[in-house]
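Structural overview
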Amino acid sequence: MRIGFIKKSLRKIDVRFQLVLLNLLVFGSLTYYIIEIGYHYPAVFKHSQWLKESPSRLLYSLGSRVYLSKVTRLPKIQYDFLLDETAEEKHLRESRRDSIKNGFLHAWNGYTRYAWGYDELLPLTNVGRNNFNGWGATIIDALDTLWIMDLKEEFNRSRDFVRSVDFTKSNEEINVFETIIRYLGGLLSAYELSNDLVFLEKAQELGNALLPSFDSPTGLPYNWWNLTWGINKKSHELSGPPCPPMRLCGSKMSILAQIGTMQLEFMKLSQLTGDSRFFFKVQDVIDTLDNAEKHIPGLYPLEIDQDSAEFIGSHVSFGPLGDSFYEYLLKVYVFVGGAIDQYRRMYIESVESMRKYLIKEGKVRNRSELLFLGELFNDIFSGKMCHLACFVPGMLAIGAKILDRPEDLEIAIKLAETCYWSYNVTLTGLGPEEFWFLTSTDELSQNEIDWLEKQEEMNNLPNGLVRISPTYLLRPETLESLFILYRITGDKKYQERGWKIWQAIEKWCKTPTAYSGLKDVNTKQVEMNNIME
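Predicted, not measured: the structure shown is a model, and the values here were computed from it.

**With respect to the overall build of the chain**
On a plain count of helices and strands, the chain comes out with 19 helices and 16 strands. Burial status across the chain gives 50% buried among its 533 residues. Across the chain, the fraction of contacts at a sequence separation of at least 24, relative to all contacts at a separation of at least 6, is 68%. Summed over its atoms, the accessible surface of the chain is roughly 26,700 Å², and 54% of this surface lies on carbon and sulfur atoms.

Given below as structure tokens:
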């Protein structure tokens, strides 16, 4: 009996010993490979932090010094689409998708053939030009599109180009805002889609190079910065070569949209690298804007003094120089999962005042339901609406879902109708850069009424529009709002409207090598401007 018990015990010990050996073998192999990876690819551990922090800790951290403690699950934005597409509907959708992809490839191939490495292609003369630092803006701005369209060969070629760019040097001053949204945003998007560390390493290189541009008396970044020479802070003049003509390099004036449209990129950089300095730089900017005195709560003048952090003048616009600041208030709130309530408060203040002071019913004949978004000059309303402001419908629609503000969705739908209408009333079916409108409360003399009648007849302007700035710069805002409203409401009319605009672009803007903007959208003698933004 005792001998049998001993044999059974020995067998149990033998099994346990084998399991211990197996565990040691597996653990040893894993340790070996981790050491090997860490030795050959140190950036893996440097950036991902997966040995130091849990995934949730990384998600809720904006660098090692900022932890978001009140992250919440925000409401769903997108409409619940039914999977009941017919074969005919699928064919139509896929053929349209292919048309747009082919349009992208047409522009991309023209750029790569005639302007590779330049910032932009001039699509009529087929030469390249540099107007965004000379780092190949088109390449880096298109990285996410290449990935989404599954153009991996083109993506990999672009990746090799990115690796060769030195983001720490500039031959002349760079625009800090444009550099952040185009280059830093492009690099971060490419990294998040592909998980290729080259893009994150280059993003961090660029971010570090830009940090000194925030070293102003108030922490508001300089508009222009030379990565090689810096700036003379006493005079706000660049220390290196002379400033090119038409650029306010030494200006002490900050632009609202420029300083308020870098928070997403810098916060994401902090999240991915563990370096909280990027977060603090852009959060200080928001705090400064939040605390600055404003004539109307939530409506921020377009200019602010870099030395005193006081607003200059009282020009308020959701169009040029102001637009994306308001957009980023909402998107940063979404990005941080509602953890920084300041962004929600500032956004709601802005939307409430916009609705009260800037949105008016128009006086367009037979279209009295159209809403227009104007501007304020010295607290006086101006009936001027810009194509850039046509991002607002999309912003309001997202905010309506995130913040449970259904009335904002109604306004978004009406404003999007106006933006689309501005395309439909021109001879090309493409929208003008700006248009001036009458409001429903404007009282007109008989002479003014007669003048409007002549405008309608002679200039093909709807009765209710005073005039337009007729250029078309290939702007995306109206299409973006239509896309967002389709995804939020599920209404397929927005798909049809987007397709109609795309057909107009194909008809009037396509050149043998790419696409061009237009000088006048409301003439039968269409002339291109030789610029592909």
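Next comes the rest of the description.
**What about unusual backbone geometry?**
Look at L321: it is not a glycine, yet its phi comes out positive at around 75°. Relative to the elements of secondary structure, L321 occurs in the loop between β9 (311-312) and α13 (323-335). Given the relative accessible area of 41%, L321 is considered partly exposed.

**Topic: helix α7 (residues 152-164)**
Here α7 spans 19 Å end to end across 13 residues, near enough to the 18 Å set by a 1.5 Å rise per residue. If you check which residues of α7 are buried, you get F155, S158, R159, F161 and V162. For α7, the arc enclosing every buried residue in end-on projection is 165°, short of the 170-degree limit, so these residues lie on one face. Of the exposed residues in α7, those oriented more than 90 degrees away from the buried face are E153 and S164.

**Re the state of the cysteines**
Under the counting rule described, the total for this entry stands at one disulfide. With its sulfur 2.1 Å from that of its partner, C390 forms a disulfide with C419. Measuring the twist about the S-S bond at about -100°, one finds the C390-C419 disulfide to be left-handed. Here C390 is found in the loop between β14 (384-386) and α15 (392-402), whereas its partner C419 is found in helix α16 (residues 406-424), with 29 residues between them in sequence. As a non-bridged cysteine, C386 has C390 as the owner of its nearest cysteine sulfur, 9.2 Å distant.

**Thoughts on the packing of helix α4 (residues 87-114) against helix α19 (residues 493-509)**
In contact at an axis separation of 12 Å, α4 and α19 are set at 35° when each is read in the N-to-C sense. Judged by the sense of rotation from one axis to the other, the crossing of α4 with α19 is left-handed. Across the interface between the two elements, R96, S99, I100 and G103 from α4 touch Q495, E496, W499, W502 and E506 from α19. For the contact of α4 with α19, a count of residues per class yields three nonpolar, three polar and three charged.

**What to know about the sheet that holds β14**
One open sheet holds the three strands; their spatial order is β14-β15-β16, and the pairing between them is antiparallel. With one partner strand each, in any of the chains shown, β14 and β16 (465-469) form the two edges of the open sheet. On average, each strand axis in the sheet is inclined to that of its neighbour by 20°, with strand direction left out of account. Across three bridges, the pairing between β14 and strand β15 (residues 434-437) is antiparallel. Within β15, the residue paired with C386 across the bridge is E434.

**As for the confidence of the model for the chain**
Scored by pLDDT, the chain comes out at a mean of 88, with 85% of its residues at no less than 70. Across residues 29-56, confidence stays below pLDDT 50; counting only partners more than four residues off in sequence or on other chains, it has 27 contacts. Across residues 245-250, confidence stays below pLDDT 50; counting only partners more than four residues off in sequence or on other chains, it has 14 contacts.

**With respect to the environment of N424**
Inspection of the secondary structure puts N424 in helix α16. Overall, the relative accessible area of 36% leaves N424 in the partly exposed class. Separated by 77 residues in the primary sequence, N424 and I501 have C-alpha atoms spaced 9.1 Å apart.

**Details of empty space enclosed by the protein**
Inspection of every chain in the model, using the stated rule, returns four cavities of 30 Å³ or more. Computed from the structure, the largest cavity encloses a volume of approximately 60 Å³. Among the elements of the structure, α13, α15 and α18 (477-489) are those that each provide at least two residues to the lining of the largest cavity. Each residue belonging to the lining of the largest cavity can be placed in one class, and the counts come to five nonpolar, two polar and three charged.

Reading guide: rules and limits
- Residues numbered from 1 in each chain as written.
- Predicted model: local features only at pLDDT ≥ 70, side-chain atom pairs only at ≥ 80, totals over all residues.
- Heavy atoms only, no water.
- Helix = DSSP H or I, 4+ residues; strand = E, 2+ residues; numbered from the N terminus.
- Buried < 20%, exposed > 50% of the residue type's maximum accessible area, 1.4 Å probe, protein only.
- Contact = heavy atoms within 4.5 Å.
- Areas by Shrake-Rupley, 256 points an atom, 1.4 Å probe, with all protein chains shown as cover.
- Expected span 1.5 Å × (residues − 1).
- Arc of directions from axis to C-beta.
- Disulfide = S-S within 2.5 Å.
- Axes fitted to C-alpha atoms, helices over the stretch in contact; angles between N-to-C directions.
- Left-handed = near helix turned anticlockwise from the far one by under 90°.
- Nonpolar A, V, L, I, M, F, W, Y, C, P; charged D, E, K, R; others polar.
- Pairing = 2+ DSSP bridges.
- pLDDT = per-residue confidence, 0-100.
- 1 Å grid on protein atoms, 1.4 Å probe; cavity = no way out; pocket = protein on both sides within 12 Å on 5 of 7 lines; lining within 4 Å.
- Points joined across faces, edges and corners; volume = space filled by probe spheres on them.

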